[in-house]
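Summary of the model geometry
Okay, here's what each chain looks like letter by letter:
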Protein chains: 2
Amino acid sequence: MVQAALADGTAHRHSVFEVFTRRLPEGRRYGVLAGTGRVLEALESFRFDDTTLAWLEREQVVDARTVAFLADYRFTGSITGYAEGEIYVPHSPVLTVEGTFAEAVLLETLVLSILNHDSAIAAAASRMTSAAVDRPCLEMGSRRTHEHAAVAAARAAVIAGFTGTSNLEAGRVYGLPTIGTAAHAFTLLHDDEESAFAGQVASQGVGTTLLVDTYDVARGVERAVAAAGTDLGAVRLDSGDLGGLAVDVRRQLDALGATRTKIVVTSDLDEHAIAGLASAPVDSYGVGTQLVVGSGAPTCGMVYKLVAREDASGTLRPVAKASASKSSVGGRKSAARRTDGEGRATAEVVVTGSADAVDAWGRVPDGHGEHGGPDVEGELRALQVPLVVDGSVESRWTGPSGVHLASARHARSRDELPRGARRLSAGEPAIPTELVDLD
Amino acid sequence: MVQAALADGTAHRHSVFEVFTRRLPEGRRYGVLAGTGRVLEALESFRFDDTTLAWLEREQVVDARTVAFLADYRFTGSITGYAEGEIYVPHSPVLTVEGTFAEAVLLETLVLSILNHDSAIAAAASRMTSAAVDRPCLEMGSRRTHEHAAVAAARAAVIAGFTGTSNLEAGRVYGLPTIGTAAHAFTLLHDDEESAFAGQVASQGVGTTLLVDTYDVARGVERAVAAAGTDLGAVRLDSGDLGGLAVDVRRQLDALGATRTKIVVTSDLDEHAIAGLASAPVDSYGVGTQLVVGSGAPTCGMVYKLVAREDASGTLRPVAKASASKSSVGGRKSAARRTDGEGRATAEVVVTGSADAVDAWGRVPDGHGEHGGPDVEGELRALQVPLVVDGSVESRWTGPSGVHLASARHARSRDELPRGARRLSAGEPAIPTELVDLD
């Protein structure tokens, strides 16, 4: 595409691309935007090195002019978007990329890969932390997903309320709290369970978490308290009927005087299993597989669509695909969330046209479309923030500070949703999308 | 675990870890091992750099002795496993890692991340190429998965029979055939469809593939042939009722004299949609989302279990978790595939004990267990090959040559499956697993 556009002169047309979803995964009530910080980090190093350029030329993937364009590539446009961690619904314009066609279209795969992956994990994580209420959720899924995706998954989980991760690389890069655990292999390595527990306590202190289900759980608990004393930090259960076992283990720990020793459960948990353990005496949840595969929704259908571009006369024109299905609304969008008098979200207002979704007085400008508009009661909160200005990345959205901001944003945005939005059962989007055309 | 094992002296016990699955994803008839070559590539650079070591020390993740151990880390053990691309079933020992406990346990997350991800993609890809029969399948899913996972997904797809990928990085690194396509954005960039097609043909030649469904398909086809002539390479359909549209488009192309112009279809295809298009005049399938998310099975439940280790006296002993669920069979396994007189696979023979699964005469040694053994008719094919010998990686399994071998292995192994194994409907594993204990 870039080669052909460079050849016929359209590559330099000023263009606006938007990222949005046409629908949420089946039954989901809201989406969670995650990955924006990673997009910005990736953008800062998005270059074509000599090895790559030589390969593209040698294999005749693109012509010499295109290789020259790629050699000098550096994004000089601007990007706005929802703050990372924000809730989204169908047609929310979560990211808007503006620049020449060639510089902006090159980012499509990078942007979509990151946002589709990270947002899928964050949406699953948000359901899990909702189900866990005040009990900590710990991310332990690295081994169930691609080795680099695992780092991104840990980051997305923390944005959506997880309190820590077993992925040390994610901890190092993003400043996330890290946790560790002993596996069955550690117990099996030793000649007996007693010596395994003694070794772990000697090395990690009595505050450690001992895995008690390698042989017999009741014997394991007994040996755990014998090894660490009643100040033992926690025991972990990784198999069997976790709810029933937790009741037995709590009773046994209390009887042994280990009343402050916590119970951590793991083993193919998802949001439904977590909800099912609400009344069990469990202190925290370690979640693996179902978190990193998005708990039934491993990607989230975000698309990157050209919505406006200059025509031959230099005028910016809205554009949209017109055929049967997959049609889009042309034109750059701005977006705001409407809340009622009690601060509950009631609608996503997505405005097409030259004006912003929210004027200086917190109102949708006049001329709203069929789905309602400024005459509805309530406040409006503008949703888009500047992320890249003329090629320069706003650094607060990247690295550990980005994760910190995103995590806080997610908590606030989720709290604002109407009652019922956090139910796990299948349903419609938590708030309707109002498409308003001001042109 | 490593810190505690270094402290209590068990870290250096000779240990054997095995990778296997307890079951296939629901309804799947076979698994496809993929990622072995990537494990070997990753192993060659698996080191802890100064930045990481400093972080581990500063954050007190591990103690000074463990940091020192990690600073010198280099895997010196041996790895055997199924050849990449091979079919597997429950309990197939697809990878066996042998070394000290500390050096082998450190590889768990890396090994499982790669194999769980890549094998999930390969299994989905294998179903798709089965459904497509002789029509090419093209990998186009990068934007629906993590940006690095996308490269691995393209590699896994080609191993399982895909003929090319749109992921250029995967093409560059693994020598895969690459393909490109124009998006709706390219058409929308231009003032009209005619100028978009003219630009693409001028740049890419008449052999290019024109996307004809941005506006009206029939008009798009007409304009495509007008732009490129009757030697136009292909047209692409990306929306609507693909089967019905393909019939109309084929008729129109033939009427215009473009009888050799091919029809490529894309748009949320999975193996069932591909099978449903078997009688439509389609020439190739571009597959995205459902490929890279494993078409309903995004991970494959591989585990990395300690099956044997030295005891205090220096004797190698089988070990296994004994509690309620998730129990395992202790001891190192060897494996062979049994075939009948016509070369059809009839069973996976997994032997525990000191001997190999297959002796020099292609028989299971005497002393087989309850599930049958050498008295059954047929040939045995040993399944495990050396991958790493005393820390040295067998390089033919890595890079482009590894993909080439894996792709050939997959084709042969799948051809050997019993009739019916390639049906898409849910069912039992294609061949039963015979667990034979020779001890």
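Residues numbered from 1 in each chain as written. Chains lettered and ligands numbered in written order. Predicted model: local features only at pLDDT ≥ 70, side-chain atom pairs only at ≥ 80, totals over all residues. Heavy atoms only, no water.

**Concerning the overall build of chain A**
From N to C terminus, chain A includes 15 helices and 19 strands. The principal-axis extents of the C-alpha atoms in chain A amount to approximately 80 × 60 × 40 Å. When contacts within chain A are restricted to residue pairs at least 6 apart in sequence, those whose partners lie at least 24 apart make up 73%. Within the structure as shown, chain A displays about 16,600 Å² of accessible surface, and the carbon and sulfur contribution to it stands at 49%. (Helix = DSSP H or I, 4+ residues; strand = E, 2+ residues; numbered from the N terminus. Contact = heavy atoms within 4.5 Å. Areas by Shrake-Rupley, 256 points an atom, 1.4 Å probe, with all protein chains shown as cover.)

**Considerations on the interface of chain B and chain A**
Contacts between the two partners involve 77 residues from chain B and, on the opposite side, 77 residues from chain A. At the boundary of chain B with chain A, total buried surface from both sides reaches about 6,200 Å², with 60% on carbon and sulfur atoms. We note a salt bridge from arginine 13 of chain A to aspartate 191 of chain B, for which the minimum N-O separation is 2.8 Å. Per-element accounting of the side of chain B that touches chain A gives the leading share, seven residues, to helix 6 (residues 108–132) of chain B. In terms of residue class, the side of chain B that touches chain A is built from 29 nonpolar, 32 polar and 16 charged. (Buried area = accessible area lost by both parts, 1.4 Å probe. Salt bridge = Lys/Arg side-chain N within 4 Å of Asp/Glu carboxyl O. Nonpolar A, V, L, I, M, F, W, Y, C, P; charged D, E, K, R; others polar.)

**A closer look at the domain arrangement of chain A**
Many structure descriptions define interface size as the accessible area lost when the parts assemble. The domains assigned to chain A are domain 1 (2–122 + 297–437) and domain 2 (182–265). For domain 1 of chain A versus domain 2 of chain A, the distance between C-alpha centres works out to 48 Å. (Domains from an automatic or database assignment.)

**Here we look at the packing of aromatic side chains**
Residues and elements named next belong to chain A. Inspection of every chain in the model, using the stated rule, returns 12 aromatic pairs over all chains. Residues phenylalanine 46 and phenylalanine 48 carry aromatic rings whose centres are separated by 5.6 Å and whose planes lie at 75° to one another, so their mutual orientation is edge-to-face. For phenylalanine 46, a relative accessible area of 16% gives the class buried. Stacked on the ring of tyrosine 174, the Lys or Arg arginine 155 has its end atom at 5.0 Å from the ring centre. (Phe/Tyr/Trp six-rings, centres within 6.5 Å; stacked < 30°, edge-to-face > 60°. Buried < 20%, exposed > 50% of the residue type's maximum accessible area, 1.4 Å probe, protein only. Lys NZ or Arg CZ within 6 Å of the ring centre and 35° of its normal.)

**Some words on the relation of the copies chain B and chain A**
Placing chain B over chain A gives an RMSD of 0.0 Å and needs a rotation angle of 180°, together with 0.0 Å of translation along the axis. The transformation just described matches what one would write down for a two-fold rotation axis. Comparing interface residues between copies, 100% of those in chain B also sit at the interface in chain A, which points to an isologous, same-surface contact. (Least-squares fit on C-alpha atoms with pLDDT ≥ 70 in both.)

**Notes on empty space enclosed by the protein**
Per the counting criterion, the structure on display carries eight cavities of 30 Å³ or more. Every residue lining the largest cavity is counted, 18 residues in all, and those nearest its centre are Thr145 and Val292 of chain A together with Thr145, Val292 and Pro298 of chain B. Looking at the lining of the largest cavity, the elements that each hand over two or more residues are helix 6 (108–132) of chain A together with helix 6 of chain B. For the lining of the largest cavity, the residue count by class is 10 nonpolar, six polar and two charged. (1 Å grid on protein atoms, 1.4 Å probe; cavity = no way out; pocket = protein on both sides within 12 Å on 5 of 7 lines; lining within 4 Å. Points joined across faces, edges and corners; volume = space filled by probe spheres on them.)

**Comments concerning the packing of helix 6 of chain A against helix 7 (residues 149–159) of chain A**
Residue and element names in this part refer to chain A. Contact geometry of helix 6 with helix 7 gives a least axis separation of 8 Å together with a crossing angle of 45°. Considering their axes alone, helix 6 and helix 7 lie oblique with respect to each other. In this structure, helix 6 meets helix 7 at a crossing whose hand is right-handed. Packed against helix 6, whose contacting residues are His117, Asp118, Ile121, Ala122 and Ala125, the element helix 7 presents Ala149, Ala152, Ala153, Arg155, Ala156 and Ala157 at the interface. Among the residues making up the contact of helix 6 with helix 7, the classes are represented as eight nonpolar, one polar and two charged. (Axes fitted to C-alpha atoms, helices over the stretch in contact; angles between N-to-C directions. Parallel < 35°, antiparallel > 145°, perpendicular 65-115°, else oblique. Left-handed = near helix turned anticlockwise from the far one by under 90°.)

**Considerations on unusual backbone geometry**
One can expect most non-glycine residues to show negative phi and most peptide bonds to be in trans. Residues and elements named next belong to chain B. The phi angle at valine 133 is positive, at roughly 50°, despite the residue not being glycine. Relative to the elements of secondary structure, valine 133 occurs in the loop between helix 6 and strand 6 (137–139). When its relative accessible area of 61% is taken as the criterion, valine 133 is described as exposed.

**Digging into helix 3 (residues 50–58) of chain A**
Looking only at helix 3 of chain A, the buried set comprises Thr52, Leu53, Trp55 and Leu56 of chain A. Along helix 3 of chain A, the residues classed as buried sweep out an arc of 160° about the axis, all on the same side. Across from the buried face of helix 3 of chain A, at angles greater than 90 degrees, the exposed residues are Asp50 and Arg58 of chain A. If you follow the buried residues of helix 3 of chain A, they end up packed against helix 4 (64–71) of chain A together with helix 8 (168–174) of chain B. Remark: glutamine 60 of chain A follows helix 3 of chain A within two positions and exhibits a positive phi of approximately 55°. (Arc of directions from axis to C-beta.)

**So, the sheet that holds strand 17 (residues 384–389) of chain B**
Residue and element names in this part refer to chain B. Spatial strand order, 13-12-1-5-3-17-18: seven strands in an open sheet with antiparallel pairing. The sheet terminates laterally at strand 13 (316–318) and strand 18 (392–393), the two strands that pair on one side only. Pairing analysis gives four bridges linking strand 3 (residues 78–82) to strand 5 (residues 95–100), with the strands arranged antiparallel. Counted as the bridge partner of glycine 81 is leucine 95 from strand 5. Lying over the sheet, helix 2 (residues 36–44) contacts strand 3, strand 5, strand 17 and strand 18, oriented at roughly 15° with respect to strand 17. Where helix 6 meets the sheet, its contacts fall on strand 1 (14–21), strand 5 and strand 12 (302–310), and the angle it forms with strand 12 comes to roughly 145°. (Pairing = 2+ DSSP bridges.)

**Considerations on the pairing of strand 15 (residues 345–352) of chain A**
All names here are of chain A. By the criterion of burial, strand 15 is predominantly enclosed, with seven of the eight residues buried. Sheet analysis places strand 14 (residues 333–339) next to strand 15, joined by seven bridges and oriented antiparallel. Each residue of the ladder has a partner; that of alanine 336, found in strand 15, is valine 349. With antiparallel pairing between neighbouring strands as the criterion, strand 14 and strand 15 make up a hairpin whose turn holds five residues, including glycine 343 at a positive phi of roughly 80°. Alignment of strand 15 against strand 19 (residues 433–437), held across five bridges, turns out to be parallel. Bridge pairing in strand 19 links valine 349 to glutamate 434.

**Regarding the pattern of salt bridges**
Following the criterion strictly, the structure yields 50 salt bridges over all chains and no others. When the shortest N-O distance is used, the salt bridge between arginine 396 of chain B and glutamate 394 of chain B registers 3.1 Å.

**A short note on the environment of leucine 115 of chain A**
Along the chain, leucine 115 of chain A falls in helix 6. It is 9.8 Å that separates the C-alpha atoms of leucine 115 of chain A and glycine 37 of chain A, two residues lying 78 residues apart in sequence.

**A few points about the sheet that holds strand 7 (residues 164–165) of chain B**
Residues and elements named next belong to chain B. Spatial ordering of the open sheet is given by 7-6-11-10-9-8, a layout of six strands whose pairing is parallel. The open sheet has two free edges, formed respectively by strand 7 and strand 8 (209–211), since each of these has just one partner strand. As paired strands, strand 9 (residues 234–237) and strand 10 (residues 262–265) are joined by four bridges and run parallel to one another. Across the sheet, valine 235 pairs through a bridge with isoleucine 263, a residue of strand 10.

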